[in-house]
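Here is what each chain is made of, one letter per residue.
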Amino acid sequence: MELAQLRTDEAARRLGAVNAQGLDMEAKLGVLIQYRNEYQERFQISMRQGLTASDWRNYQDFLDKLDAAIIQQREMVASVRQRVALSEVAWQSARRTLNSYGTLAQ
């Protein structure tokens, strides 16, 4: 029973850590998207006011880099979501085992 309890507690700790990591990654993704939208808006304003070819290229290059960072962050979020799902399964399995031992002990 004690070993099952320790395994359940450890699975719960891992689940909590992975879940926190996922929330952090999702927050970072939100910041990237917000920053990209703000930068795009500044680009639009600058285009209306007139841009040199090099300024236009600099804006486009930076927007491309932001897009790449957003894609990468989305992939990381998807990966951590899978890890959260696996951690939930592991925790549920450990909990079922603990409950089974509890039932047998009674």
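Look a little higher up for the structure.
Keep in mind that this is a model prediction, so the values were computed, not measured.

## So, the pattern of salt bridges
Between side chains of opposite charge, a pair can form as their charged atoms come close.
Then step 1. Counted by the stated rule, this structure contains 7 salt bridges.
Then step 2. In this structure, aspartate 67 engages arginine 36 in a salt bridge whose closest nitrogen and oxygen atoms are separated by 2.5 Å. Of this pair, aspartate 67 sits in helix H2 (residues 53–105) while arginine 36 sits in helix H1 (residues 2–49), and the two are 31 residues apart along the sequence.
Then step 3. The salt bridge involving aspartate 64 is made with arginine 57; its shortest N-O contact spans 4.0 Å.
Then step 4. In this structure aspartate 64 comes out as partly exposed when scored by relative accessible area, which is 42%.
Then step 5. On the accessibility criterion, arginine 57 (37% relative accessible area) is partly exposed.
Then step 6. Several salt bridges converge on common partners, so that one network encompasses Glu10, Arg13 and Arg14.

## Examining the packing of H1 against H2
Then step 1. Relative orientation of the contacting elements H1 and H2 amounts to 160 degrees, with a least axis distance of 7 Å. When the interaxial angle is binned, H1 and H2 end up roughly antiparallel. Like other packed secondary-structure pairs, H1 and H2 cross with a definite hand, here left-handed.

## Regarding the packing of aromatic side chains
Then step 1. Evaluated as defined, the whole model comprises 6 aromatic pairs.
Then step 2. Members of the aromatic cluster, connected to one another through ring pairs, are Tyr35, Tyr39, Phe43, Trp56, Tyr59 and Phe62.

## Re the nonpolar core
Then step 1. Residues Leu15, Val18, Met25, Leu29, Ile70, Val77, Val80 and Val84 constitute the largest nonpolar core, which totals 8 residues.
Then step 2. Looking at this core, the elements that each hand over two or more residues are H1 and H2.
Then step 3. When near neighbours in sequence (up to four residues on either side) are disregarded, methionine 25 contacts Gln73, Met76, Val77 and Val80.
Then step 4. Counting 5 residues, the second-largest nonpolar core is a separate cluster that includes Tyr39, Phe43, Tyr59 and Leu63.

## A closer look at H2
Then step 1. Here H2 contains 53 residues, and its C-alpha end-to-end distance of 77 Å stays within 8% of the 78 Å for a straight helix at 1.5 Å per residue.
Then step 2. Of all the residues in H2, the buried ones are Tyr59, Leu63, Leu66, Ile70, Gln73, Val77, Val80, Val84, Ser87, Ala94, Leu98 and Gly102.
Then step 3. Contacts from the buried residues of H2 go to H1.

The rules behind the values
Residues numbered from 1 in each chain as written. Predicted model: local features only at pLDDT ≥ 70, side-chain atom pairs only at ≥ 80, totals over all residues. Heavy atoms only, no water. Salt bridge = Lys/Arg side-chain N within 4 Å of Asp/Glu carboxyl O. Helix = DSSP H or I, 4+ residues; strand = E, 2+ residues; numbered from the N terminus. Buried < 20%, exposed > 50% of the residue type's maximum accessible area, 1.4 Å probe, protein only. Axes fitted to C-alpha atoms, helices over the stretch in contact; angles between N-to-C directions. Parallel < 35°, antiparallel > 145°, perpendicular 65-115°, else oblique. Left-handed = near helix turned anticlockwise from the far one by under 90°. Phe/Tyr/Trp six-rings, centres within 6.5 Å; stacked < 30°, edge-to-face > 60°. Core = buried A, V, L, I, M, F, W, Y, C linked by side-chain atoms within 4.5 Å. Contact = heavy atoms within 4.5 Å. Expected span 1.5 Å × (residues − 1).

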